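If you want the building blocks of each chain, they are given just below.
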Amino acid sequence: MKKHSILFSLFVLIAQISFSQIEAKKQITLEDIWKKGAFAQKREAGFTSMEDGKHYSLLFADSKTNKNYLLKYEYSTGKVVDTLLKPNELSILENGKTKLIALDDYEFNGSDEQKIIIPTEVSSIYRRSTEAENYIFDRKTKKTSRLSSNGKQRNASFSPDGKKVAFVRDNNLFLIDLGSGLETQLTTDGKKNEIINGVCDWVCEEEFGFAKAFFWAGDSESIAYYKFDEKEVKEFEMSTYGDLYPSIERFKYPKAGEKNSVISIHTYNLSSKKTIEMEIGVEKDQYIPRIKWTTDASKLCILRMNRLQNKLEYLIADRTSGKSTVLLTETDKAYIDITDDLTFLKNGKEFIISSEKDGFNHIYLYSMDGKLKKQLTKGAKEVTNFYGVDEKSGLIYYQMPETSPMNRAIYSTSLDGKKTVQLTKEKGTNDAKFSNDFSFFVHSYSNANTPLVVTLNDRSGKMVRVLEDNKVLKGRLQEYQMQAKEFFSFTTSENVQLNAWMIKPQNFDASKKYPVYMFLYGGPGSQEVLDKWGGANFIWYEYLASKGYLVVCVDNRGTGGRGADFKKCTYMNLGGLETIDQIEAAKWLGKQTYVDASRIGIQGWSYGGYMSSLCITKGADVFKMAIAVAPVTNWKFYDSIYTERYLRTPKENSKGYEENSPLNFTNLLKGNYLLIHGTSDDNVHFQNSVEMIKSMISADKDFDSEIYPNKNHGISGGNTRFQLYTKMTNFVMQNL
């Protein structure tokens, strides 16, 4: 009896200690997430591979002087081998006074890396565009010079030989000869809201993903550039509040079905000083989503796409005559996504593209006569990132799901397609950034419950050293009560299998019934159900779980990672199948023994806000609550490129626009609805929420709203995010 008593006492003591440890766990607060940044994840330092591929450059901040040094490191050891630029070397004499130049960013010339562009006073324009005062530092002479004294520049870029710099100012293209300092204006017709040379108009920048629209030929003898004639594009205006009278910004924004810019492609020859317009056909209502010089400096590849975006042609144009021929044509029954995968091999005989033509995105090798030589990747999973080709070793490098669409691994495949090697073994999401010669790659890895780990690996995948392990964050997470993100799949009544994740409430008890908070995005090709660390939003979901909510995310039809058919089944009916799937998901959850079916809510941002608005209206009998942040409420309000890619124009497909516009279903609203928007959203215009409010007033529906003056689509800055998430949290607590 005595022995049993001792054992029992020991068991009680251990249980008490374990219980006290659980009790000692901290609870997450909104201040921790959005004010203190307690869960901020560190990323690898933003270093740049140098030309030899064996070294990289990195800005090093001296904690004593609070100034940056530009250092050269060896990939293999991580040791500093040279100081490329000291802060005291960056000074310039202006108006009799010495001016020190801040070193916050840099770009080398590509030939000998002896000259560096230093951008300062950088100001944002749109999502990807900026302008700056640029300086040139010459490593040989140790001299600093202002690039131009005539105003800020956009996209200042060295010629390949490092002797000249091109840039855009006031919608015109300029050239600086670094030897003489002579500034030459190459175009003269640039004018705000009329003609743009060398940079993109708003819609191409946003939807085709690039801002700089001029490109040096490999021999430094020519510059190819875009010209956008946007005179016929209608203007959109936004007010900025703060002064006695609000200021108004007007910019060209082509909405669905409206007139686009007319695009032309030109080359300027530095020797002849002649500008030649390239042949891109007589059709004016079309897109040029990419141009790229081939390895032959006299040949420019121009990608020409029809407005429906279901036909893509690769043109080869001669820079001297402008004459062009069609190299390759691709068509699709729905639409073609544009990537940056086009790569011309240095041998001058072959090029690489990616395509979904076999149902999944894969990599193809073509000869320069446009004939297919080899499909390099195959199978019922798709290439999600193409890193490039190492011709010396005869390998391509890319990212692809490993065992399911919910994870990612890094692979190499030989150019003959015969040998494929998986370079990463970690289960979750793996990404890579290769050195210039592909000797090394920076390996970024995380999973749903593990923050980012960054290592340097050699070309075989073997780890060389750890660059960032987020040890501090991992330790801090151990201090808090955290619930694991769990992945699952279920089948809808239409026999569609959907992937999802959930976070269960703390101290989950399957015999109890819990309210459900669903998060979604759901847009074409997107993916939220991915085995990857979720950052601050994930911590907020943990916060909701600590308050007794079951947090769930479901990827509906139309999302990515599962092939073209799954992604493109929403074509011409955007929002239709997606809404059905989210309603089905809520009903499936409602049937689980641990879910309170009367307390299911949903929230999304942008496309997700569009979806949550449809769910609370079309699914009014299923959802008790919805939050819509910056939602599209009718696709006729959104831009031409994105919208028409999936719906065609309102004239061609009025049914597709109206049958899934939340504006037309506000009469069905029963639950609690919170609408949030920034008044300076240049992407999804505040107009969308204004029209939603008008429709709800007309339908005599009660709703809540939160408006953020002068905030763009991201709704951030200062105290904004903390206030925003406090508002959303309180709304969830009070209404779900």
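Everything below is about the structure printed above this text.
These lines cover the structure that appears in this document, whether it is placed above or below.

Cut-offs and rules
- Residues numbered from 1 in each chain as written.
- Predicted model: local features only at pLDDT ≥ 70, side-chain atom pairs only at ≥ 80, totals over all residues.
- Heavy atoms only, no water.
- Axes fitted to C-alpha atoms, helices over the stretch in contact; angles between N-to-C directions.
- Helix = DSSP H or I, 4+ residues; strand = E, 2+ residues; numbered from the N terminus.
- Left-handed = near helix turned anticlockwise from the far one by under 90°.
- Contact = heavy atoms within 4.5 Å.
- Nonpolar A, V, L, I, M, F, W, Y, C, P; charged D, E, K, R; others polar.
- Buried < 20%, exposed > 50% of the residue type's maximum accessible area, 1.4 Å probe, protein only.
- Pairing = 2+ DSSP bridges.
- Salt bridge = Lys/Arg side-chain N within 4 Å of Asp/Glu carboxyl O.
- Parallel < 35°, antiparallel > 145°, perpendicular 65-115°, else oblique.
- Core = buried A, V, L, I, M, F, W, Y, C linked by side-chain atoms within 4.5 Å.
- Phe/Tyr/Trp six-rings, centres within 6.5 Å; stacked < 30°, edge-to-face > 60°.
- Lys NZ or Arg CZ within 6 Å of the ring centre and 35° of its normal.
- Polar contact = N/O pair within 3.5 Å; in protein donor to acceptor, adjacent residues only side chain to side chain.

### Focus: the packing of helix H7 (residues 576-590) against helix H8 (residues 607-618)
And then number 1: It is at 10 Å that the axes of H7 and H8 come closest, and there the two elements cross at 65°. For the crossing formed where H7 meets H8, the hand is right-handed. Together, Glu578, Thr579, Gln582 and Ile583 of H7 and Tyr607, Met611, Leu614, Cys615 and Lys618 of H8 make up the contact between the two elements.
And then number 2: Here the residues of the contact of H7 with H8 sort into 5 nonpolar, 2 polar and 2 charged.

### Notes on the pairing of strand S23 (residues 299-306)
And then number 1: Judged by how many residues are buried, S23 sits mostly within the fold: 6 of 8 residues are covered.
And then number 2: Direction of pairing for strand S22 (residues 286-293) relative to S23: antiparallel, over a ladder of 6 bridges. The residue bridging Trp293 from the neighbouring strand is Leu300, located in S23.
And then number 3: The loop that links S22 with its antiparallel partner S23 comprises 5 residues.
And then number 4: Relative to strand S24 (residues 311-318), S23 runs antiparallel, the two being bridged by 7 bridges. Among the inter-strand pairings, Leu300 is bridged to a residue of S24, identified as Ala317.
And then number 5: From the end of S23 to the start of S24, which pair antiparallel, there are 4 residues, and Gln309 there has a positive phi angle of about 65°.

### Quick look at the pattern of salt bridges
And then number 1: Scanning the entire structure with this criterion turns up 35 salt bridges.
And then number 2: We note a salt bridge from Arg557 to Asp581, for which the minimum N-O separation is 2.8 Å. Remark: Asp581 occurs in helix H7 and Arg557 occurs in the loop between strand S41 (550-555) and helix H6 (564-568); sequence separation between them is 24 residues. Both residues of the pair, Arg557 and Asp581, belong to the buried class.
And then number 3: One connected set of salt bridges, linked through shared partners, spans Asp332, Asp337, Glu356, Lys567 and Lys568.

### Some thoughts on unusual backbone geometry
And then number 1: Unusually for a residue other than glycine, Glu113 sits at a positive phi of about 60°.
And then number 2: The exposure class assigned to Glu113 is buried, which follows from its relative accessible area of 11%.
And then number 3: Phi at Met572 is positive, roughly 70°, even though this residue is not glycine.
And then number 4: Structurally, the position occupied by Met572 is in the loop between H6 and H7.

### Points about the sheet that holds strand S25 (residues 324-331)
And then number 1: An order of S22-S23-S24-S25 is seen for the 4 strands of this open sheet, with the pairing classed as antiparallel. Either end of the sheet is taken by a strand with one partner, and the two such strands are S22 and S25. Along the sheet, successive strands turn relative to each other by an average axial angle of 20°, direction set aside.

### Here we look at the packing of helix H5 (residues 535-546) against helix H12 (residues 720-735)
And then number 1: Look at H5 against H12: their axes get within 12 Å of each other, and the N-to-C directions meet at 30°. Taken as axis vectors, H5 and H12 run roughly parallel relative to one another. For H5 against H12, the interelement crossing comes out right-handed. Together, Asn537, Trp540, Tyr543 and Leu544 of H5 and Tyr725, Met728, Thr729, Val732 and Met733 of H12 make up the contact between the two elements.

### Considering the sheet that holds strand S30 (residues 385-390)
And then number 1: In space, the 4 strands of this open sheet follow the order S30-S31-S32-S33, with antiparallel pairing throughout. The two strands at the open ends of the sheet, each matched to only one other strand, are S30 and strand S33 (420-422). Strand-to-strand twist of the sheet, defined as the mean angle between neighbouring strand axes without regard to direction, takes the value 20°.
And then number 2: Here strand S31 (residues 395-400) pairs with strand S32 (residues 409-414) via 6 bridges, running antiparallel. Directly across from Ile396, in S32, lies its bridge partner Thr413.

### Comments concerning the nonpolar core
And then number 1: Among the nonpolar cores identified, the biggest contains 110 residues, and Ile265, Ile302, Met518, Phe623 and Trp635 are the most heavily contacted of them.
And then number 2: Tallying contributions element by element places H8 first for this core, with 6 residues.
And then number 3: Filtering out sequence-adjacent residues up to four positions away, Met518 remains in contact with Val552, Val554, Gln582, Ala585, Ala586, Leu589, Ile600, Gly601, Ile602, Gln603 and Phe623.
And then number 4: Formed by 42 residues, the second largest nonpolar core is a distinct cluster that contains Phe519, Val529, Trp533 and Phe722.

### Focus on the packing of aromatic side chains
And then number 1: Taken as a whole and assessed by the stated rule, the structure comprises 46 aromatic pairs.
And then number 2: Consider the rings of Phe39 and Tyr480, whose centres lie 5.0 Å apart with planes at 65°: the pair is edge-to-face. Here Tyr480 lies in the loop between helix H4 (471-478) and strand S38 (485-491) and Phe39 lies in the loop between helix H2 (30-34) and strand S1 (48-49), a separation of 441 residues in the sequence.
And then number 3: Overall, the relative accessible area of 5% leaves Phe39 in the buried class.
And then number 4: Owing to a relative accessible area of 8%, Tyr480 belongs among the buried residues under this scheme.
And then number 5: Centroid distance Phe236 to Tyr253: 6.3 Å. Interplanar angle 50°. Geometry classified as tilted. Pair noted here: Phe236 is in strand S18 (residues 235-240) and Tyr253 is in the loop between strand S19 (247-252) and strand S20 (262-269), with a separation of 17 residues, a long-range link.
And then number 6: Clustering of aromatic rings is evident, with ring pairs tying together Tyr335, Tyr521, Tyr571, Tyr607, Tyr610, Trp635, Tyr638, Tyr642 and Tyr646.
And then number 7: One Lys or Arg, Arg169, reaches over the ring of Phe174 and ends 4.8 Å from the middle of that ring.
And then number 8: The ring of Phe665 carries Lys618 above its face, with NZ or CZ at 4.9 Å from the centroid.

### Here we look at the side chain of Thr617
And then number 1: Mapped onto the elements, Thr617 comes out in helix H8.
And then number 2: From its side chain, Thr617 meets the backbone oxygen of Leu614 in a polar contact 3.0 Å long.
And then number 3: What Thr617 contacts, discounting residues up to four positions off in sequence, is Phe665, Thr666, Leu668 and Leu669.

### Observations regarding the environment of Phe519
And then number 1: Topologically, Phe519 is positioned in strand S40 (residues 514-520).
And then number 2: Using a relative accessible area of 11% as the deciding quantity, one classes Phe519 as buried.
And then number 3: As a C-alpha pair, Phe519 and Leu456 span 63 residues in sequence and 34 Å in three-dimensional space.
And then number 4: Other than its neighbours up to four places away in sequence, Phe519 contacts Glu528, Tyr541, Val552, Cys553, Val554 and Gln603.

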